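The chain contents come next:
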Amino acid sequence: MKADRIAPAKAKPVKVALTKTRIDALPVPTKGRTYTYDAKAPGLCVCVTATGTRTFYLYRWLNGSPQRLRIGRYPDLSVEQARTEARKLTGDMARGIDPQERKRAVRREWNFGAVFADYMERYAKPYKKSWRHDQAQYDRYLKPLAGRKVSAILRADVQRLHAHVGQAHGHYAANRALALLSTVFNRCAADVLNPARGVKRFKEQSRDRFLDAEELRRFFLALEDEPLDDWRDFFTVALLTGARRANVLAMRWADLNLDRGLWRIPAADAKGGELLICVLAVPVVEILRRRRGECGDSPWVFPGVGKTGHLEEPKKAWRSILERAGFVDADGKNTVRIHDLRRTLGSWQAITGASLSIIGKSLGHKDPATTAIYARLNVDTVQASVNTAAAAILEAGNGRKMLPAPKEKPRRTGAK
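What you are looking at is a predicted structure, and each value in this text was computed from that prediction instead of being measured. Counting starts from 1 at the beginning of each chain's written sequence and moves along it residue by residue. Selection of residues for local features in this predicted model requires a pLDDT of at least 70, selection of side-chain atom pairs for listing and counting requires 80 or more, and totals for whole chains, interfaces and linings are taken over all residues. For the side-chain quantities, the full set of heavy atoms in the structure was used; hydrogens and water were omitted.

Draft legend 1. The arrangement of the packing of helix 8 (residues 213-224) against helix 12 (residues 315-325) in detail. As a rule, the C-alpha atoms of each element are fitted with a line to give its axis, helices using only the stretch in contact, and angles between N-to-C directions run from 0 to 180 degrees. Secondary structure follows DSSP: runs of H or I at least 4 residues long count as helices, runs of E at least 2 residues long count as strands, and numbering of each begins at the N terminus. Viewed as axis vectors pointing N to C, helix 8 and helix 12 meet at an angle of 125°, and their least axial separation amounts to 8 Å. Judged on the interaxial angle alone, helix 12 and helix 8 are oblique. Read as a crossing pair, helix 8 and helix 12 show a hand that is right-handed. Across the interface between the two elements, Arg218, Phe219, Ala222 and Leu223 from helix 8 touch Trp318, Ile321, Arg324 and Ala325 from helix 12. In terms of residue class, the contact of helix 8 with helix 12 is built from six nonpolar, no polar and two charged. Oblique is the label for any angle not covered by the other classes, which are roughly parallel (under 35 degrees), roughly antiparallel (over 145) and roughly perpendicular (65 to 115). In this scheme the crossing of two helices becomes right-handed for a clockwise turn of the near helix relative to the far one and left-handed for an anticlockwise turn of less than a right angle. For this analysis, residues touch if any pair of their heavy atoms sits within 4.5 Å. Three categories are distinguished: nonpolar for Ala, Val, Leu, Ile, Met, Phe, Trp, Tyr, Cys and Pro, charged for Asp, Glu, Lys and Arg, and polar for the others, with Gly belonging to the last.

Spelled out as structure tokens, the structure:
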């Protein structure tokens, strides 16, 4: 007789008596989020995200469907305060009151500035490494809507704003602002008709800007006049590795193997959420060896004085370099972006004969054909290609001055 197949039971969530010490000790996931439930207040849990943010939630069923209600951020709320609020919400739900509907009714009367602040606190800061970029976009493009009630913002208002930003700042900026506006409404004002829906985006051309030989000469001359060694080294390393700005700023000595010329970018720091192996050209290793002797006990390759402990915002230094190199147009706009340094390495790899698959591996582009675990170990051809491209870049731009001077060999004295 055939036995009935029994579906495996779902693992019950682990419950502990939450305390400050236990919450502080909760591990940070490399990606996604984890939930730890309280043993004293039913449904109360702490969510930990990959950015290290800890938030109290209440998980309950209401009218046959699960509800996860955000209570507040830890440590802004203590454990006891979170328990008190959880019990209050549980009591409201037992009386048939839907806390989510109550919040939605309040939000319908919020202005857009308040809704955006709610989006930043509940979604952007806990889950997005690029939340500062969202804040900057709001400050620059979306603030004209700040005082308007969300229920009063119409599609025509968004169309006018989109057109204005496109004319003043370009089509790319206008489309990114429109996307952010739509996300804010979807996340925090879902009960209001999204006025960004149906607004036609501008057509965008794929950006393929990179520095040619003549531009590289101007760039390296301007870089040579940069008064701060940290920024001079940062931009040189960014150019010759093709790595993303945020990764170079947060480069750690613990992730470098200078003997093998390899840099491990952890999955938590990589854009695609997967471990990246970045090969280092010989000139980059020379710069890093010199910096190793200058950085003292700092874990960062580019230490800074801000909260993160490393350099944070290169815009001011970048603008100065562009002005000296003549990469600012008549309207005062930058004609070269920091991200174009990344394209420059890939372009010079192509110019010097590298295949597309090698370029993709060098820049960490995701490709289903290269996801096998052993693909990461095959770096010899990538190393050769990056070294060739780096040498061509330095030769074209006369950029050898950025590298440490070779040490003189001691003279041999005495009789042969």
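That covers the picture; the talk isn't over yet.
Draft legend 2. The arrangement of the confidence of the model for the protein chain in detail. Overall, the prediction assigns the protein chain a mean pLDDT of 83, with 85% of residues at 70 or greater. pLDDT: the predictor's confidence for each residue, scored from 0 to 100. Here residues 1-9 scores under 50 on pLDDT; set against residues more than four positions off or in separate chains, the count is zero contacts. Every residue in residues 368-378 scores below 50 in pLDDT, and together they form five contacts with partners more than four places removed in sequence or on other chains.

Draft legend 3. Here's a closer look at the sheet that holds strand 4 (residues 54-62). The pairing criterion for strands is at least two bridges between them, as found by DSSP. An order of 1-2-3-4-5 is seen for the five strands of this open sheet, with the pairing classed as mixed. On the outer flanks of this sheet lie strand 1 (15-16) and strand 5 (65-74), each paired with one strand and no other. Pairing of strand 3 (residues 44-49) with strand 4 involves five bridges; the strand directions are antiparallel. Each residue of the ladder has a partner; that of Val48, found in strand 4, is Arg54. Contacts between helix 4 (residues 112-127) and the sheet are confined to strand 2 (33-38), strand 3, strand 4 and strand 5, with strand 5 contributing the most and set at about 75° to the helix.

Draft legend 4. Region of the structure containing helix 12. When helix 12 is considered as a whole, its buried residues turn out to be Ala317, Trp318, Ile321, Leu322 and Ala325. The buried residues of helix 12 all sit within an arc of 135° when viewed along its axis, so they share a single face. Facing away from the buried side of helix 12, by more than 90 degrees, are the exposed residues Lys315 and Lys316. Those residues of helix 12 that are buried lie in contact with helix 8, helix 9 (229-241) and helix 13 (339-351). Phi turns positive one or two residues past the end of helix 12, at Gly326, with a value near 80°. Exposure classes here rest on a 1.4 Å probe applied to the protein chains alone. A residue is buried below 20% of its type maximum, exposed above 50%, and partly exposed in between. Picture the helix axis, draw a direction to every C-beta atom, and the arc is the one those directions span.

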